[in-house]
Amino acid sequence: MKVLVVGQGGREHALCWKLKQSPLVSQIFCAPGNAGTAMEGTNVDIKATDTVRLAKFAQTEKIGLAIIGPEAALVAGVTDALEAVGVPVFGPSKAASELEGSKVFMKELMRQHAIPSADFTVFENFEAAMAYVEDREQVRLVVKADGLCAGKGVVVCDNKDQALEAIRRIMRLREFGDAGKRVIIEERLDGQEASILAFVDGNTIIPLETAQDHKAARDGDRGPNTGGMGAYSPAPLITRELLDQIVAQILIPTVHAMKRSKRPFRGVLYAGLMITTQGPKVLEFNARFGDPEAQPILMRLKSDLAAVLLAAATGKLESVDDLEWDPRPAVCVVMAAEGYPGEYPKGHEIRGLEEAAKLPDVKVFHAGTETRAGKTVTNGGRVLGVTALGDSIANAKYKAYQGVKCIRWEGSWCRKDISDKAREEAVKLQQTGQKPQDPNAEPAPPDVSLKERIDRLDDRK
Ligand code: AMP
Ligand code: GLY
């Protein structure tokens, strides 16, 4: 089977790398890809959002499975375009991608179906939004632009002035363009953040091993938000009991709600959560693998990724065997270009990749890279995701940074504390008498009998 991966980041390199290990896969194409995906397969010079050319290419090449990485491609309707020419696609339709593409859609769906989330109000009018904040006593608020803003359209506010300023920037100055036509003002939640990702085929849910990213640019979670400066898997915060609760209270009702609203969700459902004293609450949904969360998760996956994604794309996830995981934790450290997440230069030659490739249990996933005149050069803000497996989180971290040490280019930098949060979480859980997820224990098998439960919910209505 020929597969087409759409996108060009670290997530897409990890997908290509993992798909290449499948006996089902004869050839891998990546559109547009990067220097890393070119090592796993063939890059195709088509933009990830170019629905017309992607459909034509997939049809001509008789692609047996397409996997869509980035949210912009999903929201542009790449899934619909490829399905229209008969290609099985792993990734939600344009309508189902609204779950990530419109925060207003997502929040209203959750309210309607009693899925736990922060209380909120939607505003289409600038003055009304300003007046709402002015009149409130409680000012620990979060202001969010409705549409896609590459993770930057959310402002967590400590006081009234910050909230007013955020509304001004989003609605008046239109810093995020049309994404700021509407804003959501919501209650600010306290707790620890965690992400849960699951494969979904519209009916059946298979939760993946847990992961957590580091969104802030600087050590100690300081500095501006980025797409993610690193990630680790598993996240000790998510105990088996908590995962069951998340599946029952959040994932099942969401997949069911999407089905009921005639937008069946197929792909990766990614729930960004705040674990509050009242239980897990949804901060956001993404309609795809996280980047860089995909890198450590896929490094730990032992099952045949192509077989699972094809089953999900064709509504047959129920028949898939339990996923097999490497019990060892994985850590991914993102190496970025000078200036990121602001402006950054491109075209710097990257050295030391061969040296890093020799390290055992280390894989360097490319993100913002390209090949120019036989050399690998920088071509984005997040340039590489150096990922390692280790016997413990600390050991995986050590190995990942060994990889980082081999690599250099002008202005390269990374956070030095990736995964430290995991160890802090584990210690805290132990102090409160809870048992953190043991990274060295075999994970419990995922619940593949969930289809039945979703169907039963349907019957009740
Ligand atoms: P989002 O893109 O909606 O996940 O928001 C990005 C980040 O903003 C999250 O990872 C949280 O750190 C923070 N955030 C979003 N919503 C809330 C909320 N209601 N309360 C506290 N923090 C939030
Ligand atoms: N790492 C967060 C995201 O992919 O949205």
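In this text, all values refer to a predicted model and were calculated from it rather than measured experimentally.

## Quick look at the site of ligand 1
So, step 1. Residues in contact with ligand 1 amount to 15 residues; listed here are only the nearest, Glu186, Glu187, Leu189, Glu193 and Glu284.
So, step 2. At a separation of 2.8 Å, a nitrogen atom of ligand 1 approaches a polar backbone atom of leucine 189.
So, step 3. Within the side chain of lysine 215, one N or O atom sits 3.5 Å away from an oxygen atom of ligand 1.
So, step 4. Those elements giving two or more residues to the shell around ligand 1 turn out to be strand E7 (141-145), strand E8 (154-156), strand E9 (183-187) and strand E17 (279-286).
So, step 5. Classifying every residue of the shell around ligand 1 by side-chain character gives 7 nonpolar, no polar and 8 charged.

## A short note on the site of ligand 2
So, step 1. The full set of residues close to ligand 2 is Asp213, Gly227, Tyr270, Asn286, Arg288, Gly290, Asp291, Pro292 and Glu293.
So, step 2. In this structure, a nitrogen atom belonging to ligand 2 sits 3.1 Å away from a main-chain N or O atom of glycine 227.
So, step 3. The protein chains hide 88% of the 200 Å² of surface that ligand 2 would expose on its own.

## Overview of the pairing of strand E15 (residues 230-233)
So, step 1. Neither face of E15 is exposed, since Gly230 and Tyr232 on one face and Ala231 and Ser233 on the opposite face are all buried.
So, step 2. Looking at chain direction, strand E12 (residues 212-213) and E15 are connected through 2 bridges and run antiparallel. Across the sheet, the residue bridging to aspartate 213 is alanine 231, located in E15.
So, step 3. Judged from the 4 bridges that link them, E15 and strand E18 (residues 330-336) form a sheet pairing that is antiparallel.

## Focus on the packing of helix H8 (residues 126-134) against helix H9 (residues 160-172)
So, step 1. Look at H8 against H9: their axes get within 10 Å of each other, and the N-to-C directions meet at 170°. When the interaxial angle is binned, H8 and H9 end up roughly antiparallel. Each of Phe126, Glu127, Ala129, Met130, Val133 and Glu134 in H8 lies in contact with H9, whose residues at this interface are Lys160, Ala163, Leu164, Ile167, Arg168, Met171 and Arg172.
So, step 2. Its residues assigned to classes, the contact of H8 with H9 shows 8 nonpolar, no polar and 5 charged.

## Overview of the environment of phenylalanine 123
So, step 1. Assignment of secondary structure puts phenylalanine 123 in strand E6 (residues 120-123).
So, step 2. What makes phenylalanine 123 buried here is its relative accessible area of 9%.
So, step 3. Apart from residues no more than four positions distant in its own chain, phenylalanine 123 is found in contact with Ala128, Ala129, Tyr132, Met171, Lys181, Arg182, Val183 and Ile185.

## So, the packing of helix H14 (residues 393-406) against helix H15 (residues 420-431)
So, step 1. Where H14 contacts H15, the two axes come as close as 9 Å, and the packing angle between them is 170°. When the axes of H14 and H15 are compared, the pair comes out roughly antiparallel. Each of Ile393, Ala394 and Lys397 in H14 lies in contact with H15, whose residues at this interface are Asp420, Ala422 and Arg423.

## With respect to helix H7 (residues 103-112)
So, step 1. Extensive coverage of H7 is indicated by the burial of 7 of its 10 residues.
So, step 2. Listed as buried for H7 are Lys103, Val104, Phe105, Met106, Lys107, Leu109 and Met110.
So, step 3. Residue alanine 114 follows H7 closely and has a positive phi angle near 55°.

## Things to note about the pattern of salt bridges
So, step 1. Under the definition given, this model contains 31 salt bridges.
So, step 2. The shortest N-O distance in the salt bridge between arginine 266 and glutamate 83 comes to 2.8 Å. Here arginine 266, found in strand E16 (residues 266-276), pairs with glutamate 83, found in helix H5 (residues 78-84); they are 183 residues apart in sequence, far enough to count as distant.
So, step 3. The exposure class assigned to arginine 266 is partly exposed, which follows from its relative accessible area of 22%.

## Brief notes about the packing of aromatic side chains
Aromatic ring pairs: the centre-centre distance and the angle between the two ring planes describe each pair.
So, step 1. Summed over all chains, the structure comprises 6 aromatic pairs.
So, step 2. Aromatic side chains phenylalanine 123 and tyrosine 132 sit 5.0 Å apart centroid to centroid with 50° between the ring planes, which places their arrangement in the tilted category.
So, step 3. The exposure class assigned to tyrosine 132 is partly exposed, which follows from its relative accessible area of 22%.
So, step 4. Cluster of aromatic residues (ring-pair linked, three or more members): Phe90, Phe199 and Phe289.
So, step 5. In this arrangement the basic side chain of arginine 111 is found over the ring face of phenylalanine 120, its NZ or CZ atom lying 3.8 Å from the centre.

## Focus: the sheet that holds E12
So, step 1. Spatially, the 5 strands line up as an open sheet ordered E12-E15-E18-E22-E19, and their pairing is antiparallel. Among the strands making up the open sheet, the edge pair consists of E12 and strand E19 (362-366).
So, step 2. In this sheet, strand E22 (residues 382-389) lies alongside E18 in antiparallel orientation, the contact comprising 7 bridges. Directly across from cysteine 332, in E22, lies its bridge partner threonine 387.

## A closer look at the confidence of the model for the chain
So, step 1. Summing up the model confidence of the chain, the mean pLDDT is 92 and the portion of residues at 70 or higher is 94%.
So, step 2. Every residue in residues 439-450 is under pLDDT 50, and counting partners more than four places away or in other chains gives 29 contacts.

## Let's talk about the side chain of threonine 254
So, step 1. Assignment of secondary structure puts threonine 254 in helix H10 (residues 240-260).
So, step 2. Overall, threonine 254 belongs to the buried group, its relative accessible area being 0%.
So, step 3. When near neighbours in sequence (up to four residues on either side) are disregarded, threonine 254 contacts Leu99, Ile115, Leu269 and Phe285.

## Observations concerning the nonpolar core
So, step 1. With 79 residues, the main nonpolar core has Leu4, Leu82, Leu99, Leu251, Phe285, Leu384 and Ile407 as its most contacted residues.
So, step 2. Residues within four places of leucine 251 in sequence aside, it is in contact with Ile196, Ala198, Ile205, Ile246, Leu269 and Ala271.
So, step 3. Core analysis: the next-biggest nonpolar cluster, separate from the first, contains 40 residues, Ala211, Phe289, Ala311 and Leu389 among them.

Analysis parameters
Residues numbered from 1 in each chain as written. Chains lettered and ligands numbered in written order. Predicted model: local features only at pLDDT ≥ 70, side-chain atom pairs only at ≥ 80, totals over all residues. Heavy atoms only, no water. Near = heavy atom within 4 Å. Polar contact = N/O pair within 3.5 Å; in protein donor to acceptor, adjacent residues only side chain to side chain. Helix = DSSP H or I, 4+ residues; strand = E, 2+ residues; numbered from the N terminus. Nonpolar A, V, L, I, M, F, W, Y, C, P; charged D, E, K, R; others polar. Areas by Shrake-Rupley, 256 points an atom, 1.4 Å probe, with all protein chains shown as cover. Buried < 20%, exposed > 50% of the residue type's maximum accessible area, 1.4 Å probe, protein only. Pairing = 2+ DSSP bridges. Axes fitted to C-alpha atoms, helices over the stretch in contact; angles between N-to-C directions. Parallel < 35°, antiparallel > 145°, perpendicular 65-115°, else oblique. Contact = heavy atoms within 4.5 Å. Salt bridge = Lys/Arg side-chain N within 4 Å of Asp/Glu carboxyl O. Phe/Tyr/Trp six-rings, centres within 6.5 Å; stacked < 30°, edge-to-face > 60°. Lys NZ or Arg CZ within 6 Å of the ring centre and 35° of its normal. pLDDT = per-residue confidence, 0-100. Core = buried A, V, L, I, M, F, W, Y, C linked by side-chain atoms within 4.5 Å.

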